[in-house]
Amino acid sequence: MVTLPGGTSSLRFEILGRPSAWRDGRELDLGPGKQRAVLAVLLLSPNRPVPTSSIVTAVWGDEPPDNGANVVQKYIAGLRRVLEPDRSPRAPGRLLTRSGAGYALNVPHGGLDAELFQKRVRAALAVRAAGDGARAAAELREALTLWRGTALAGLTGSFFDAARERLDEERAAALEASAEIGLELGEHARLVPELIRLVGEFPLREGFRHQLMLALYRCGRQAEALAAYRDARDFFAEEFGVEPGERLQNLHVSILRADPALALPAAEKRGGAPPPPDRPAPQPSKATSQAVPPPREPRVLPVPPGGVPGPRFPDAPAMPRFPPPGPAPPFAHPMAMPAARRLPWPLRAILVSLPLLSFGTVTWAAVTYFAARRRSLPLALAAVGYLALTVLCFVAVDLTDVERTTWWDLPLGISLLGTVFGGAVHLAILTAGPTGPGFAGEAGAPGVPLIERRVRREQARSLVTHYPSIAHRLRIGRPDLPRKFDDGGLVDVNSAPEGLLSALPGLDPYHAKLLVLARTAQGPFTSTEDLVRREILPPWMLHGLHEVLVAVPPVLEGGADGELDGGMDITSAAVAEPEAATGAVLPPEPPR
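Anyway, here's the lowdown on the structure attached to this text. Because the structure is a prediction, the values reported are computed rather than measured.

Rules of the game
Residues numbered from 1 in each chain as written. Predicted model: local features only at pLDDT ≥ 70, side-chain atom pairs only at ≥ 80, totals over all residues. Heavy atoms only, no water. Helix = DSSP H or I, 4+ residues; strand = E, 2+ residues; numbered from the N terminus. Buried < 20%, exposed > 50% of the residue type's maximum accessible area, 1.4 Å probe, protein only. Contact = heavy atoms within 4.5 Å. Areas by Shrake-Rupley, 256 points an atom, 1.4 Å probe, with all protein chains shown as cover. Expected span 1.5 Å × (residues − 1). Polar contact = N/O pair within 3.5 Å; in protein donor to acceptor, adjacent residues only side chain to side chain. Axes fitted to C-alpha atoms, helices over the stretch in contact; angles between N-to-C directions. Parallel < 35°, antiparallel > 145°, perpendicular 65-115°, else oblique. Nonpolar A, V, L, I, M, F, W, Y, C, P; charged D, E, K, R; others polar. Salt bridge = Lys/Arg side-chain N within 4 Å of Asp/Glu carboxyl O. Core = buried A, V, L, I, M, F, W, Y, C linked by side-chain atoms within 4.5 Å. Patch = residues over 30% accessible without salt bridge, like charges linked within 9 Å, V, L, I, M, F, W, Y side chains within 5 Å. Phe/Tyr/Trp six-rings, centres within 6.5 Å; stacked < 30°, edge-to-face > 60°. Left-handed = near helix turned anticlockwise from the far one by under 90°. Bend = angle between axes of the 7 residues up to and from the residue. Pairing = 2+ DSSP bridges.

Broken down by element type, the protein chain carries 23 helices and 8 strands. For the protein chain, the residues scored as buried account for 44% of the 592 residues in total. Of the contacts made within the protein chain by residues no fewer than 6 positions apart, 64% connect residues no fewer than 24 positions apart. Summing over all exposed atoms, the protein chain offers an accessible surface of approximately 30000 Å²; the carbon and sulfur share of this is 59%.

Here the focus is helix α20 (residues 509–522). A rise of 1.5 Å per residue sets the reference length of α20, with its 14 residues, at 20 Å; its end C-alpha atoms lie 20 Å apart and thus fit the reference within 8%. Where α20 is buried, its residues touch β7 (491–492), α19 (498–502), α21 (530–533) and α22 (539–545). One side-chain oxygen of the residue at the start of α20 lies 3.1 Å from the amide nitrogen of Y510, identifying that residue as D508. Immediately downstream of α20, the backbone of G523 shows phi near 100 degrees, a positive value.

Moving on, we come to the packing of helix α2 (residues 52–60) against helix α3 (residues 68–83). Put simply, α2 and α3 touch, their axes get as near as 9 Å, and they point 85 degrees apart. In terms of their interaxial angle, α2 and α3 are classed as roughly perpendicular. Of the residues in α3, those touching α2 at T52, I55, V56 and W60 are G68, A69, V71, V72 and Y75. Partitioned by chemical class, the residues of the contact of α2 with α3 number 7 nonpolar, 2 polar and no charged.

With that out of the way, let us pick up the pattern of salt bridges. Enumeration over the complete set of coordinates arrives at 23 salt bridges. Linking R135 and E139 is a salt bridge whose minimum nitrogen-to-oxygen distance equals 3.1 Å. Taken together, the residues span about one helical turn, with R135 and E139 both in helix α5 (residues 133–144) at a distance of 4 residues. Residue R135 is classed as partly exposed on the basis of its relative accessible area of 48%. On the basis of relative accessible area, E139 is assigned to the buried category, the value being 19%. Connected via shared salt-bridge partners are R171, E194, R197 and E201.

Moving on: the nonpolar core. Membership of the largest hydrophobic core comes to 85 residues, with the highest contact counts inside it found for F13, I55, L83, L105 and F117. With 10 residues, helix α6 (residues 158–184) is the single largest residue contributor to this core. Formed by 20 residues, the second largest nonpolar core is a distinct cluster that contains A512, A518, L531 and L549.

Bringing the environment of C219 into the picture now. Here C219 shows up in the loop between α8 (206–218) and α9 (222–240). On a C-alpha basis, the gap between C219 and H188 in space is 6.8 Å, while along the polypeptide they are 31 residues apart. Leave out the neighbours within four places in its chain, and C219 touches H188, A189 and V192.

The subject of this paragraph is a nonpolar patch on the surface. A cluster of nonpolar side chains, W364, L387, V391, V395 and L399, forms an exposed patch at the surface whose accessible area comes to about 390 Å². Here the nonpolar patch gets 4 residues from one element, more than from any other, and that element is helix α14 (residues 377–399). Along the chain, V395 turns up in helix α14. The class of V395 is partly exposed, set by a relative accessible area of 36%.

Moving on to unusual backbone geometry. Here N47, not a glycine, exhibits a phi torsion of approximately 65 degrees, which is positive. In this model, A258 sits at a positive phi of 55 degrees, which is unusual for a non-glycine residue. If you trace the backbone, A258 turns up in the loop between α10 (246–257) and α11 (286–291). The partly exposed category is assigned to A258, whose relative accessible area is 29%.

What follows is about the packing of aromatic side chains. When we look at a pair of aromatic rings, we describe it by the centre distance and by the angle of the planes. Enumeration over the complete set of coordinates arrives at 7 aromatic pairs. Relative to Y75, the ring of W60 lies with its centre 6.3 Å away and its plane at 15 degrees, an arrangement referred to as stacked. Of this pair, W60 sits in helix α2 while Y75 is found in helix α3, placing the two residues 15 residues apart along the sequence. With respect to class, W60 is no different from Y75; both count as buried. Here the aromatic rings of F117 and W147 are separated by 5.9 Å at their centres, their planes lie at 85 degrees, and the arrangement is edge-to-face.

The next subject is the packing of α5 against α6. Where α5 meets α6, the closest approach of the two axes is 9 Å, and the angle between their N-to-C directions is 150 degrees. With respect to each other, α5 and α6 are oriented roughly antiparallel. Helix-helix and strand crossings are classified by hand; for α5 and α6 the assignment is left-handed. Judged by residue contacts, G133, A136, A137, L140, R141 and L144 of α5 engage R171, A174, L175, A177, S178 and I181 from α6. Looking at the contact of α5 with α6 residue by residue, the class counts come to 8 nonpolar, 2 polar and 2 charged.

In this section: helix α7 (residues 188–201). Here α7 contains 14 residues, and its C-alpha end-to-end distance of 19 Å stays within 8% of the 20 Å for a straight helix at 1.5 Å per residue. Of all the bends found along α7, the most pronounced is centred on E194 and spans about 30 degrees. Those residues of α7 that fall on the buried side of the exposure criterion are H188, L191, V192, L195, L198 and V199. Elements in contact with the buried residues of α7: α6 and α8.

Moving on to the side chain of Q211. Residue placement: Q211 occurs in helix α8. Look at Q211 and you get buried, because its relative accessible area is 4%. Those residues in contact with Q211 that sit more than four places away from it in its chain are E176, A179, E180, L183 and L195.

Side-chain positions along a regular strand alternate between the two faces of the sheet. As judged from the 4 bridges shared by strand β2 (residues 10–14) and strand β3 (residues 20–23), these two strands associate in the antiparallel manner. Looking at the pairing, R12 lines up with W22 of β3. Counted between consecutive antiparallel strands, the loop separating β2 from β3 contains 5 residues, among which G17 sits at a positive phi close to 150 degrees. With 2 bridges joining them, β3 and strand β4 (residues 26–27) adopt antiparallel strand pairing. Paired with W22 across the strands is E27, a residue of β4. Linkage of β3 to β4, two consecutive antiparallel strands, is achieved through a turn of 2 residues, within which D24 is found at a positive phi near 55 degrees.

Structure below.
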C-alpha cells in the first residue's frame, strides 16, 4: 500500500492483469488507454526515472506522435489529477515526480502487486529450503492468487510483450515450484488435473511434463504416464525436430523399469518427516542374493504363458510387467502408427460441402491436402484428375453455346458431376477415417487399444536397449515370423526382409532396397538415426516412421546373456512351457 505523505489515503497498483490503481478499496478511473499505458511503463520501472523518449517508444512503438513529449506531459498531468487529487496545481508532485532524467513513480514496498508477488515467492522458497514444505506450498499458493489474468492485459507493442513474457516466466516458475512441493508432499492425485492444464498452457516447459508423468505414475496410471511422454516426444519432434530433454528421457526409462525410486517414500508423505541423510540403503535379502547370479551375467527367467520375460540384475530393478500381451496380431500391416485422430464433425461438414458450394472448383485443392498429409500417391493422382476435370469444365463453359446443344455439353456435364458430387463423396470418405500419419489398419487392430499398443512398443524398446539378446530371441521387430510376444508392431531395420520394409506406409521400394543393401555392405545399424546419418532415408521420412522402426542389435553366437541357470537357453526354457513355446523357432542371424 502507498500512503501519501501528510495524508491518510493509500494507493496500490496492479499489473498482474489489467493495469489498475486502487485507493481505499476503490478502483480509480485511469482515463484513456494511452494514459493507462504510460502508467504501466512507469510501474514496470518503479522508483526509477524513465526518460520521456523511452515512454514514447514503449507506448507508440514505430508510430510516435509528432509532439510526443507534449503528449506524454499531458497524460502525466491526467495521472496526477487521478492519483493526487488533493495536490494544488502548482505544487510539485509527491507520487509522480519529474527530474532531468525523466518521470518517476514512487511506489514503496507492498504497493505494486508484481513486487509483492516476487517477494512472497522468494520467502516461500526460503521456507522450503529450511525444510517446511507444507508452509512453503501455502505461501506459493497465496502469492499466485495475486494474478488476476494475463499480465498487462489490453496493452500491445513489443515493449509490453517483452515485459509480459518476463512476468509470465516468473509465474510459470512459481507454479512449477508449487507442483514440485506438492509431489514431495504426496499430493500427486490432486495435481494431475492442474498439471494437465499447465502442460497445455506452457507446452514448451518440460518441467510440467516431467511432473505430470511422475504424478500419473504415482497414481498407478503407468500407461497414461508413458502416453504423456509420447505426446511430449511427438510435440518436440514436430515443432522443432528434437527429442525431449535428458531429464524427461531418464524419467521415461525409470517408469519402464518400474524404478522403486519413483515411488514416494512413506516418511516423505504428508505429515511425515524426511528420512535421515545417513540412513543406509536397503540390502537384498539372503534368499534373493542366493537366487540371483553374479553381476557379470544377467539371469533370464523363463517366459510365463502369455507373459513377458523378466530379466533381473542384483543391483537393478526388475523390468515392469504389463498385462499379458497374448499372441501377436496376424501380419497384415507390419506397423502401428501414432494414435490417429478423427476430424470433428463441423470440420467434416465444411470439407464435404466445399465441392457443392464451389461447384467443384476447389475439390482438387482439398484432395491435394489429404494427399500431402497422408503422403499418398493415389490421392495425388486423384487430385490431378480433379484439377483436369476443373480445367475441362472451364474450357467447356467457354466453348458452349447457350442457344443450342453442342458436343461440349457432354464433357461439361461429366466434369461438373465428377468435381461436385464425386468430390463431395470422395471427401466424405476421406474425412470419415482417422487423419494424420496413421492408416486405416491401426484403427481396426483386433481388440488392441491404441494406448496398450503404445505401451507394448515402449516395453519392447526397453528390452532392445537393455537386453538385446532377449529382444533377439523374442523376435522383436519381426512381425513376419511366428511368435507369442506382442511388440506393438515394431519393425527391425537390422533383420526385416526387403518385402516387409517396402510394405510400410511411407517407405517406397527404392528406399527399402537401399536400406537392405546398406546394412549388408556396411554392417548393422546401431539406431534408427543411422538411417539419416548414412543418407539412406531423408529426415522427413524417418520422422514419419519413428513410431515403428527399431534397431535390434545382432547377438553374437555363444553369448552368455541369454542363458539360464544350468546352461539352458531361453528357447529350451520356452519348450518347458508348452503354452509359451507354440510355433517358436529362432530367427535367422541378421545380415551383416
